[in-house]
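So the chains spell out like this:
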Amino acid sequence: MKILVCMGNVPDTTTKIRFDSEMKKLDTNGVQWVINPWDELALTRALEIKEQSGGKIEKVSVINIGKADAEPTIRKALAIGADDAYRVDADPTDSYFIAAQIAEVAKAESFDIIMCGIESSDFNDAAVGSMLAEFLDYPSVSAVSSFEFNDGNISLKRDIDGGKETISVSAPFVAIVQKGICINPRIPAMRGIMMARTKPIKVTDPVATDSLIEALTFDLPVSKAACKMVDADNTDKLIELLHGEAKVL
Amino acid sequence: MNFEFTEEQLMIKQAARDFAVRELLPDILERDAKCIYPERQVKMLAELGFFGIMIDPQYGGGGMDSISYVLALEEIAKIDAATAVILAVHNSLTAYGIEHYGTEDQKQKFLPSLASGEKIGAFLLSEPEAGSDATSQKTIAEDKGDYYLINGTKNWITSADHGGLYILIAQTYPEKKHKGINAFIVDRNSPGITLGPHEDKMGMRSSDTHSVMFTDVKVPKENRIGEDGFGFSFAMKLLDGGRIGIAAQAIGIAGGAFDLALKYSKERKAFGTEICNHQAIAFKLADMAVKLENGRNLILKCAWLKDQGKPYSLESAMAKQYCGDSAMEITTEAVQIHGGYGYVKEYHVERLMREAKVTQIYEGTSEIQKIVISRTLLKD
């Protein structure tokens, strides 16, 4: 069996986000790029499953839709332990476009299990996994927080309101994973870092697909207003501020 | 000139950073307070390959360059200088010494277990009465034909207990003074080795430091490193490289304190504004940042020279002296910026200040570095 892990290349989660002067595009100056954190969890679990499968999982591949500047992030995934990588050479414009491109590779290369993070930490669409399953006509399981291979009798746990649902599923399928799928993302070892450059990244051209979404504008969150301190005994002042200024009373 | 790091160097730096934040930070205060050795973390670092980072892959190492090594050490030291010193002694001194000066048999016998972290390296040079004056070795290695008989005491030995493999410096021909000194690879469990109690230190409290007593310890002749009488020269060569590691550790400690001080100065308010808006604090931050940048550049130049196979003895003395002294200054200012909070353990900067102090002392005091620097300048 083969596992394909979908990975986004996203700004480091501590990045100070800025947009261009027209507020239409992310200003990428000085941005450090990382593997989308949920995808990194998916990759870590995929590698653990492979190691525990007794050879039944023959390889774990990663796929990214992005231009050549995404390759350092892809190589990090290879350093962590992925066996090889696919990169579809295109700007990842929207979830529909991304899912369509992944579907092409997944079909052509006959992957049995496809794992992706529940959402990306930059655009938070949370749509690629479900769309991908539709393109492939595979079942998809969302919000997976536990993945047990069990010698091929795969058991997944989903987070539902107030508890967890355990389900079994047969390959091929798409698992959309979230926190809990593994304890921590794996840190690349020296040997993995050394090997990363020797592992193949297969670059393909995108298939013609329309993007369905055009972002009109981006807004930054309103910065927090200054906090006003009111003396504990001065309730009149508090009511006056809540009524007159905050207008919540 | 090229100031860009390679992708691999950046990946190693990030891996060290991620490890330190995730695995070393959570229990650092307890380990510091109770002098607990980071056993779990050392095992994990070994699995990640940090104990074989520069060792040739044919002996099981990662084969990385010195630049990667100093970047990793700096990131570990930002959070936990005690773990950084375990790595520094192991890699810069023990592993490097065997790999670069050992015989092929010694390399094949000892490097794989060092690279895997199965054995942690220690370096035994200092004695109760021989610190900076390392030529005054009182530990005797008597030539008994097919083995050496070791008697004497070594002091301030990092990883003396948890370390599995020692490099020991001892005197074979006292009349020849420093030319009679030899270096040996010694198994920590050899009969006749006993340890003094764990030293109750000011900083680096979770690394284990002991004095080591040798009583009629037999060391096979094939464990001697280099020609008869090579020991002192060997130790000095190792310390040239060791200084780069300690400089990186020092700048890591300083960088960790600076990061905390910068963050705190942007949060803490006094006189109606964040304290970073007061020039008294802002100028301190500027001075600290300049020292950090200078220190890092000195270290990277040394690491680059070493990787190029060029001489770096002068530069490593400069880096060690500058980074050690700067670490003390920067951490002291970090405590000052934190005010009263800086004086309590919860805020970490007081620990970093305690840890900085020893970087001016071990592997050659700042004063010894100035002797090395000035003598090199005045040589011609």
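Going by the structure above, here's the rest.
Given the structure is predicted, the values throughout are model-derived calculations rather than measurements.

Here we take up the side chain of B:Gln171. The residue B:Gln171 is located in strand E4 (residues 163-171) in this model. For B:Gln171, the contacting residues outside a window of four places in its chain are B:Gln137, B:Thr139, B:Ile140, B:Ala141, B:Lys177, B:Gly180 and B:Ile181.

This paragraph deals with the interface of chain B and chain A. Counting from both sides, the interface comprises 21 residues of chain B and, opposite them, 15 residues of chain A. Of the roughly 1600 Å² buried between chain B and chain A, counting both surfaces, carbon and sulfur atoms make up 63%. Looking at the side of chain B facing chain A, the largest losses of area belong to B:Glu7, B:Met11 and B:Arg22, adding up to 38% of the total buried there. Where chain B packs against chain A, one counts 3 salt bridges. Residue B:Glu8 pairs with A:Arg197 through a salt bridge whose shortest N-O separation is 2.5 Å. A total of 10 residues in the side of chain B that touches chain A trace back to one element, the largest contributor, which is helix H1 (residues 7-24) of chain B. Tallied by class, residues from the side of chain B that touches chain A come to 9 nonpolar, 6 polar and 6 charged.

Turning our attention to a nonpolar patch on the surface. Residues and elements named next belong to chain A. A cluster of nonpolar side chains, namely Ile239, Val248 and Leu249, defines an oily patch on the protein surface of about 310 Å² accessible area. Here leucine 249 is to be found in the segment after helix H6 (235-245). The class of leucine 249 is exposed, set by a relative accessible area of 59%.

A word on the pairing of strand E3 (residues 147-158) of chain B. Consecutive side chains of a regular strand alternate in pointing toward one face of the sheet and then the other. Residue and element names in this part refer to chain B. Both strand E2 (residues 140-143) and E3 contribute to a ladder of 4 bridges, which runs antiparallel. Within E3, the residue paired with glutamate 142 across the bridge is leucine 149. From the end of E2 to the start of E3, which pair antiparallel, there are 3 residues, and glycine 145 there has a positive phi angle of about 95°. Relative to strand E7 (residues 209-220), E3 runs antiparallel, the two being bridged by 9 bridges. Bridge pairing links tyrosine 147 to proline 220 in E7.

The rules we used
- Once a new chain begins, its residue numbering starts again from 1 and follows that chain's sequence as written.
- For this description, chains carry letters from A and ligands carry numbers from 1, given in the order in which they are written.
- With the structure being a predicted model, the display of local features is reserved for residues of pLDDT at least 70 and the display and counting of side-chain atom pairs for 80 or more, all residues being used for whole-chain, interface and lining totals.
- Side-chain calculation: all heavy atoms of the structure are included, whereas hydrogens and water are not.
- A helix here means a DSSP run of H or I that spans at least four residues, while a strand means a run of E at least two residues long, and both kinds are numbered starting from the N terminus.
- Throughout, a residue-residue contact means that at least one pair of heavy atoms, one from each residue, lies within 4.5 Å.
- A 1.4 Å probe defines the accessible area here, and the buried area is the portion of it lost by two parts on being joined, summed over both.
- Definition used for salt bridges: Asp or Glu carboxyl oxygen within 4 Å of a side-chain nitrogen of Lys or Arg.
- Only Asp, Glu, Lys and Arg are considered charged, only Ala, Val, Leu, Ile, Met, Phe, Trp, Tyr, Cys and Pro nonpolar, and every remaining residue, Gly among them, polar.
- Nonpolar side chains (Val, Leu, Ile, Met, Phe, Trp, Tyr) within 5 Å and like charges within 9 Å form the patches, drawn only from residues with over 30% relative accessible area and no salt bridge.
- Here the Shrake-Rupley method, with its probe set to 1.4 Å, supplies the accessible areas, and only the displayed protein chains count as covering residues.
- Here the term buried applies to any residue with accessible area under 20% of the maximum for its type, exposed to any over 50%, and partly exposed to those in between, with areas from a 1.4 Å probe on protein chains only.
- Two strands are counted as paired when DSSP detects at least two bridges linking them.

These values are about where atoms sit, not about what they do.
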